[in-house]
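The primary structure of each chain is shown beneath.
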Amino acid sequence: MLIGYMRVSSDNDRQNTDLQRDALTKAGVDPRHLFEDKASGARDDRPGLKKALEFVQPGDCLVVWKLDRLGRSLPHLLTIVTDLQKQGIAFRSLTEQMDTTTPHGEFLFSVFGALAQYERALAKERIIAGLEAAKKRGRQGGRPKVIGDEQLEAITNALGSGTSKASVCRTFGIKRSTLYDALKRAAS
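Summarised in this report is the structure supplied together with it.

Moving on, we come to the layout of surface pockets. The method is simple in principle: a probe with the dimensions of a water molecule rolls over the atoms, and the space it marks as empty is what remains. Reported here for the largest pocket is a volume of approximately 210 Å³. Taken together, R143, P144, K145, V146, I147, S177, T178, D181, A182 and R185 form the lining of the largest pocket. Taken together, the residues of the lining of the largest pocket break down into four nonpolar, two polar and four charged.

This part is about helix α3 (residues 74-86). Because each turn of an α-helix spans 3.6 residues, side chains separated by three or four positions in sequence point in the same direction. With 13 residues, α3 ought to run about 18 Å at 1.5 Å a step, and its terminal C-alpha atoms sit 18 Å apart, in line with that. Where the residues of α3 are buried, they touch α2 (47-55), β3 (61-64), β4 (90-93) and α4 (103-136). G88 occupies a position one or two residues after α3 and carries a positive phi of about 80°.

What follows concerns a nonpolar patch on the surface. Taken together, the side chains of L74, F107, V111 and L115 define a hydrophobic patch exposed on the protein surface, amounting to about 340 Å² of accessible area. The element contributing the most residues to the nonpolar patch is α4, with three residues. Examined against the element boundaries, L115 turns out to sit in helix α4.

What follows covers the pattern of salt bridges. Any two side chains of opposite charge can pair, given that their charged atoms come close. Per the stated rule, a full pass over the model turns up four salt bridges. Between D30 and R32 there is a salt bridge, and its shortest N-O distance comes to 2.6 Å. Among the salt bridges present, the one from R69 reaches D68, with a minimum N-O distance of 3.1 Å. With relative accessibility at 12%, the residue R69 sits in the buried group.

Quick notes on the rules
Residues numbered from 1 in each chain as written. Predicted model: local features only at pLDDT ≥ 70, side-chain atom pairs only at ≥ 80, totals over all residues. Heavy atoms only, no water. 1 Å grid on protein atoms, 1.4 Å probe; cavity = no way out; pocket = protein on both sides within 12 Å on 5 of 7 lines; lining within 4 Å. Points joined across faces, edges and corners; volume = space filled by probe spheres on them. Nonpolar A, V, L, I, M, F, W, Y, C, P; charged D, E, K, R; others polar. Helix = DSSP H or I, 4+ residues; strand = E, 2+ residues; numbered from the N terminus. Expected span 1.5 Å × (residues − 1). Contact = heavy atoms within 4.5 Å. Patch = residues over 30% accessible without salt bridge, like charges linked within 9 Å, V, L, I, M, F, W, Y side chains within 5 Å. Areas by Shrake-Rupley, 256 points an atom, 1.4 Å probe, with all protein chains shown as cover. Salt bridge = Lys/Arg side-chain N within 4 Å of Asp/Glu carboxyl O. Buried < 20%, exposed > 50% of the residue type's maximum accessible area, 1.4 Å probe, protein only.

That's the geometry; what it means functionally is another story.
Structure follows, in structure tokens:
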């Protein structure tokens, strides 16, 4: 059985799923087996996708109009399709003509997987090289400290003399969570 998934990025009236719906039904998806979301692809909470993935069974095929309708990114897309394959569920993208039930589609999916793995490795190399370059210049990676050493000393003196944490936060213009993090860091 063919199961269709559609998504548009926005909930306003200017974007609708008509084009995707027409393409999916033309490809053989029963309109009763169409699932949709009106949300950004970057969002994790897509109820239509969740329902589609719960509905699809081994031997079925999940069909999308275009790859970017399914996944937030290439790694996310690969995760979804790999999970489907493990369950014995095929995947088809109409626009890219990717169909995991064919040798050509399997090959394309493997190439996508290799590209995603390569991109992750390159990103990791860039991050490590950037951190090393910064370290050579005397800079440390990570977030800058909100509370400097002198300010932390003044805060601990104020707390030691009985000032409440709420008062310290107001006086120094910091959030309570920032204060707790700084105190925890100073204690270690």
